[in-house]
Amino acid sequence: MKATIKPDFIINNIAGEQILIGGGEQINFSKMLILNETSAHLIALLQKQTAATDEELARCLTEVYDVTNEKALADVKELLRQLESLGVVTLE
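Residues numbered from 1 in each chain as written. Predicted model: local features only at pLDDT ≥ 70, side-chain atom pairs only at ≥ 80, totals over all residues. Heavy atoms only, no water.

Colleague: Tell me what's going on with the nonpolar core, and back it up with residues and numbers.
Modeller: Ranked by internal contacts, the top residues of the largest apolar core, which has 22 residues, are Ile5, Leu42, Leu46, Leu57, Val76 and Val88. Those elements that place two or more of their residues in this core are β1 (2–5), α1 (37–48), α2 (54–64) and α3 (69–85). Among the elements that line this core, the one with the most residues is α3, at six residues. In contact with Val76, other than residues within four places in its own chain, are Leu42, Asp54, Leu57, Ala58 and Leu61. (Core = buried A, V, L, I, M, F, W, Y, C linked by side-chain atoms within 4.5 Å. Buried < 20%, exposed > 50% of the residue type's maximum accessible area, 1.4 Å probe, protein only. Helix = DSSP H or I, 4+ residues; strand = E, 2+ residues; numbered from the N terminus. Contact = heavy atoms within 4.5 Å.)

This is the structure we're talking about:
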């Protein structure tokens, strides 16, 4: 599965928390997302490139964190599904 983050989403550090909010027309402060370290890392990766596959994102996690590829891939897929349902990413 290939993920693309929608434009205008930014990560802000607010009171020590990583918060994802939509800018521009998408701004809705009632739907800010508090991100853990891993999800913030993955979203930042998506913001740096046009799109990434779940396998590429999982591989990035295994390079940074002490996690197996299987666990990383399962976590990435779950995160991407959640972000898609919230309108943050599109999946192909």
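After presenting the structure, the write-up continues.
Colleague: Kindly report on the packing of α2 against α3, identifying the contributing residues and their values.
Modeller: To characterise two packed helices, one gives the angle between the axes of the helices and the distance between these axes. Close contact between α2 and α3 brings their axes to 8 Å; oriented N to C, the two are set at 125°. Of the possible angle classes, the one that applies to α2 and α3 is oblique. Note that α2 runs across α3; the crossing there is right-handed. Here α2 contributes Asp54, Glu55, Leu57, Ala58, Arg59, Leu61 and Thr62 to the contact with α3, which in turn contributes Asn69, Ala72, Leu73, Val76, Lys77 and Leu80. Classifying every residue of the contact of α2 with α3 gives seven nonpolar, two polar and four charged. (Axes fitted to C-alpha atoms, helices over the stretch in contact; angles between N-to-C directions. Parallel < 35°, antiparallel > 145°, perpendicular 65-115°, else oblique. Left-handed = near helix turned anticlockwise from the far one by under 90°. Nonpolar A, V, L, I, M, F, W, Y, C, P; charged D, E, K, R; others polar.)

Colleague: Give me the lowdown on the sheet that holds strand β5 (residues 52–53), citing residues and values where you can.
Modeller: The sheet built from three strands is open, its strands ordered β5-β1-β6 with antiparallel pairing. Every interior strand has two partners, whereas the edge strands, β5 and β6 (89–91), have only one. Against the sheet, α1 engages β1, β5 and β6, with an angle of about 80° to β1. Against the sheet, α3 makes contact with β1 and β6, and its axis sits at roughly 115° relative to β6, the strand it touches most. (Pairing = 2+ DSSP bridges.)

Colleague: Pulling in residues and values, what's your account of the packing of α1 against α3?
Modeller: It is at 11 Å that the axes of α1 and α3 come closest, and there the two elements cross at 70°. In terms of axis orientation, α1 runs roughly perpendicular to α3. Contact residues: Ser39, Leu42, Ile43 and Leu46 in α1; Val76, Leu79, Leu80 and Leu83 in α3. Residue composition of the contact of α1 with α3, grouped by class: seven nonpolar, one polar and no charged.

Colleague: How would you sum up unusual backbone geometry? Please name residues and give values.
Modeller: You will see that Asp8, though not glycine, has its phi angle at about 75°, which is positive. Among the secondary structure elements, Asp8 is positioned in the loop between β1 and β2 (9–14). One non-glycine residue, Ala15, lies in positive phi territory at about 55°. Its location among the elements puts Ala15 in the loop between β2 and β3 (17–22). A residue is classified by how much of its surface remains accessible, and Ala15, at 78% relative accessible area, is exposed.

By themselves, these are just geometric observations and shouldn't be taken as functional.
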